[in-house]
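# Reading the structure
This is what each chain is made of:
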Amino acid sequence: MSIEFLLTSLVIIASPGTGALVTLAAGLARGARASVVAAVGCTLGILPHMLAAITGLAALLHASPMAFEAIKYAGVAYLLYMAWMTLRADGPLQIASDGLADSDGKVIQQAVLANLLNPKLSIFFLAFLPQFIGPGEARPTRTMLELSLAFMAMTFVVFAAYGVIAASLRDRVLSRPGVLHWMRRAFAVTFVALAARLALVRL
């Protein structure tokens, strides 16, 4: 596993995106534990894309404009739904106690869907990972699996760190209702911007 792979993966993971936004929202709204749960959900959302790339389904998706468009617009619709829900008092930025029974399930569902409905991840695994597998590799599938798992582990660590940092600011948000109001708007606008960016993605 090369340093180039690790550094490139870190840059890609640390770049702001849907998963990072969901994890930040969980940390601000429900605390550090929920942010770690969201990071787990985002990491699990990568798993189908990884399996698709390894089994060749991602190549089929890449070759089928209709399938790609269907998944892409499902992702756009979900991001717009998240933007709308974020503005609501009972949405992802609902300030709740850490002990709510249904918090973990709700957070992990949102996080998994955020990455599951992102066709860019499948194309990423299809186009990015093979660059780090040598042409004479004896077990390319095994190597791709190892690289994918490393990418997933890095995703969890980075997103969990984002969420925990956000959770550390939670008390300040709770004591300032006006800040929460503007944060809901900012998160909603960001979700809309991510939806627009995803809508413009082409094969």
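Everything that follows concerns the structure shown earlier in this document.
The rules behind each value
The residue numbers shown here count from 1 along each chain, following its written sequence. This being a predicted model, a pLDDT of at least 70 is required before a residue's local features are given, and a value of 80 or more before pairs of side-chain atoms are given or counted; all residues contribute to the totals for chains, interfaces and linings. Side-chain measures here rest on the full set of heavy atoms in the structure, leaving out hydrogens and waters. Counting from the N terminus, the helices are the DSSP runs of H or I reaching at least four residues and the strands are the DSSP runs of E reaching at least two. For a helix, the expected span equals 1.5 Å multiplied by the residue count minus one. With a 1.4 Å probe rolled over the protein chains alone, any residue whose accessible area is under 20% of its type maximum counts as buried; one over 50% counts as exposed, and the rest are partly exposed. This arc corresponds to the set of directions leading from the helix axis out to the C-beta atoms. Note on definitions: a residue-residue contact is assigned when non-hydrogen atoms from the two residues lie within 4.5 Å. Surface patches are drawn from residues lacking salt bridges whose relative accessible area is over 30%; two like charges belong together within 9 Å, two nonpolar side chains (Val, Leu, Ile, Met, Phe, Trp, Tyr) within 5 Å. Where accessible areas are quoted, they stem from the Shrake-Rupley method and a 1.4 Å probe; at the residue level, only the protein chains shown are allowed to cover. A pair is scored as a salt bridge if a Lys or Arg side-chain nitrogen falls within 4 Å of a carboxyl oxygen belonging to Asp or Glu.

Below, the discussion takes up helix α1 (residues 3-14). Three or four residues apart is the spacing at which side chains of an α-helix point the same way, because the helix has 3.6 residues per turn. End to end, α1 covers 16 Å across twelve residues, agreeing with the expected 16 Å (1.5 Å per residue, within 8%). Looking at α1, one finds that the buried residues are F5, S9 and I13. Looking down the long axis of α1, one finds its buried residues gathered within 55 degrees of arc, a one-sided arrangement. Along α1, exposed side chains directed more than 90 degrees from the buried face belong to I3, E4, L7 and V11. Tucked into the core, α1 has its buried residues touching α8 (140-168).

With respect to the secondary-structure elements, V189 resides in helix α10 (residues 177-199). Relative accessible area serves as the criterion here: at 57%, V189 is assigned to the exposed category. As a C-alpha pair, V189 and A83 span 106 residues in sequence and 6.9 Å in three-dimensional space.

This next bit is on a nonpolar patch on the surface. A surface patch of nonpolar side chains, amounting to about 260 Å² of accessible area, comprises V36, V40, L44 and V164. When residues in the nonpolar patch are grouped by element, the largest group, three residues, is from helix α3 (residues 32-55). Considering the arrangement of structural elements, one finds V164 in helix α8.

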